[in-house]
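# Structural overview for review
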Amino acid sequence: MSAIETYRAEPEPVSRKQARKRLHGAVRHNSAFSRKGLSERLFAQLFSGLVYPQIWEDPDVDMAALEICPGHRIVTIASGGCNALSYLLADPARIEAVDLNRAHVAFNRLKLAALANLPDYEAFYRFYGAGDEKENIEAYGRFIRPHLDAGSRAYWEKRKLLGRRRISIFSRNLYRHGLLGAFIGIGHRVARIYGIDPRRLLEAGSLEDQRRFFNEEISPLFDRRVIRWAIRRKSSLFGLGIPPQQYDALAGPDGDMASVLRARLEKLACGFPLTDNYFAWQAFGRGYSAADGGPLPPYLSRVNFDKVRARADRMTVSNASYTEFLAAKPPASVDRFVLLDAQDWMSDTQLNGLWREIGRTAAPSARVIFRTAGAQSLLPGRLDDAMLKRWEYRQQQSRELHARDRSSIYGGFHLYVLGGEPA
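Residues numbered from 1 in each chain as written. Predicted model: local features only at pLDDT ≥ 70, side-chain atom pairs only at ≥ 80, totals over all residues. Heavy atoms only, no water.

## Focus on the overall build of the protein
Of the regular secondary structure elements, the protein holds 20 helices and seven strands. Per element, the accessible surface of the protein, about 19000 Å² overall, is 52% carbon and sulfur. (Helix = DSSP H or I, 4+ residues; strand = E, 2+ residues; numbered from the N terminus. Areas by Shrake-Rupley, 256 points an atom, 1.4 Å probe, with all protein chains shown as cover.)

## Brief notes about a negative patch on the surface
Together, D132, E133, E135 and E138 line one region of the surface with negative charge. Examined against the element boundaries, E135 turns out to sit in helix α8 (residues 135–144). (Patch = residues over 30% accessible without salt bridge, like charges linked within 9 Å, V, L, I, M, F, W, Y side chains within 5 Å. Salt bridge = Lys/Arg side-chain N within 4 Å of Asp/Glu carboxyl O. Lys, Arg positive; Asp, Glu negative; His and termini not counted. Charge placed at Lys NZ, Arg CZ, Asp CG, Glu CD.)

## Observations concerning the environment of F143
Summarising the element assignment, F143 is placed in helix α8. Assessed through its relative accessible area of 23%, F143 is described here as partly exposed. With 29 residues separating them along the chain, F143 and A114 place their C-alpha atoms 7.5 Å apart. Discounting chain neighbours no more than four positions away, the residues touching F143 are N117, L118 and P119. (Buried < 20%, exposed > 50% of the residue type's maximum accessible area, 1.4 Å probe, protein only. Contact = heavy atoms within 4.5 Å.)

## What about unusual backbone geometry?
A positive phi angle is found at D91, which is not glycine, with a value near 65°. Checked against the element boundaries, D91 lands in the loop between α5 (82–87) and β2 (94–99). Phi is positive for S408, which is not a glycine, with a value near 70°. Examined against the element boundaries, S408 turns out to sit in the loop between α20 (395–404) and β7 (412–418). Note on S408: relative accessible area 3%, which makes it buried.

## Observations regarding the pairing of β7
Most of β7 is tucked away: seven of the seven residues are buried. Residues of β7 alternate between two faces, with G412, H414, Y416 and L418 on one and F413, L415 and V417 on the opposite face, all of them buried. With six bridges joining them, strand β5 (residues 362–372) and β7 adopt antiparallel strand pairing. When the bridges of β7 are listed, I369 appears paired with L415. In the sheet, strand β6 (residues 391–393) pairs with β7 via three bridges, with the strands oriented antiparallel. Its bridge partner being in β7, Y393 is matched across the sheet by Y416. (Pairing = 2+ DSSP bridges.)

## Comments concerning the packing of aromatic side chains
Per the counting criterion, the structure on display carries 21 aromatic pairs. A centroid spacing of 5.6 Å and a plane angle of 70° characterise the contact between Y121 and F305, whose relative ring orientation is edge-to-face. Note that Y121 is positioned in helix α7 (residues 121–130) and F305 in helix α16 (residues 305–311), a separation of 184 residues in sequence. A relative accessible area of 9% places Y121 in the buried class. Judged by relative accessible area, which is 4%, F305 ranks as buried. Where W156 meets F170, the ring centres are 5.6 Å apart and the plane angle is 65°; that geometry is what we call edge-to-face. Here W156 is found in helix α9 (residues 150–157), whereas its partner F170 is found in the loop between α9 and α10 (178–193), with 14 residues between them in sequence. Given a relative accessible area of 1%, W156 falls into the buried group. (Phe/Tyr/Trp six-rings, centres within 6.5 Å; stacked < 30°, edge-to-face > 60°.)

## Some words on the side chain of N319
Examined against the element boundaries, N319 turns out to sit in strand β3 (residues 315–319). Polar contacts involving the side chain of N319 include one to the main-chain carbonyl oxygen of D99, which spans 2.8 Å. Of note is the side chain of N319, whose polar atom sits 3.2 Å from the backbone oxygen of L100. (Polar contact = N/O pair within 3.5 Å; in protein donor to acceptor, adjacent residues only side chain to side chain.)

## With respect to the packing of helix α11 (residues 207–218) against helix α14 (residues 257–270)
With their axes 9 Å apart at the nearest point, α11 and α14 run at an angle of 150° to one another. One finds that α11 runs roughly antiparallel with respect to α14. The handedness of the crossing between α11 and α14 comes out as right-handed. Where α11 approaches α14, its residues L207, Q210, R211, F214 and I218 are matched on the opposing element by R262, L265, E266, A269 and C270. Here the residues of the contact of α11 with α14 are counted per class, giving six nonpolar, one polar and three charged. (Axes fitted to C-alpha atoms, helices over the stretch in contact; angles between N-to-C directions. Parallel < 35°, antiparallel > 145°, perpendicular 65-115°, else oblique. Left-handed = near helix turned anticlockwise from the far one by under 90°. Nonpolar A, V, L, I, M, F, W, Y, C, P; charged D, E, K, R; others polar.)

Shown next as structure tokens:
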């Protein structure tokens, strides 16, 4: 079998039991019957379903840091797939997306099949831009289903408690589903209890209007006693995909989570014009702008559709941990690594195991990007010094790129560039 045939071959199927074991291994670090262990178990259970219909890392920031060139080979965590597909615009040789979550694997494989087989941009936008029309279910059966692997097809056609197939979420507002969609919905309901409609932010005509609405309507919610009490519970942020160990990094040394969330939401609401920030539309409008020319992820833009579609066969999706996926690759075979915020979940042993494989598979001048709940890079003091010395931390550039990140939910963005010889 040729190298290109090997690359395009369907990965070996992973059983549900194997996938659950991998996910629990990544999340759970304490005794199952301890308080922390029970919290981790609950998070792992919630995280086993669809979490992110849209990824919450800014692809423009990613691509500025990665400096992807034609021919580059990229390994990234899949999540909602928006960024991995957007990287195709830079003409890499291949993108290998991995995810421990079987639902995210099925979501990305569906997206790739839709991109390749739906008849035109309008049909693709109807599926992933609007995600709220019955025609999508008909299009799934006619154009997408025949091209899905058996595992993904089984996932989308499984019926839930009310008898609906999972694929039906594309006719019932895709972005109101998944763990994050449910969390945002709860946030909207809580705000309405206090007489606030978050959707009104989207009526603002300027940055000044956006800030006025935030200061007068949204910010005071974080002073409410009940809300502050709820936010102090680690389980309150499971809907954001934040596991217990990441909660501590996010809250900071003083543990004032309400102030942290207020500051992050302020940047999301006021830091960028609404005409440019589709993350704000998702948070405050629970979907993308219906206006023609409204902000969208790069892969979903009409002007980029033909390029992304033509290169979609360069992307694969595997159900695996990042470390084990790299362990099966040859040395110096990856140019760009995208870790999202996965390291916030890791123990020191897991972190060093990951970077051992990154260092082994990194091609000359390789780049690694990741985000953290806190502001500082988590590598110093935790990663073995010999491994860390091989990588140059672009601190100033990282800070500048973090300031440009429209999603606004992370404390830090970090870029490392390979420079030294192997230890």
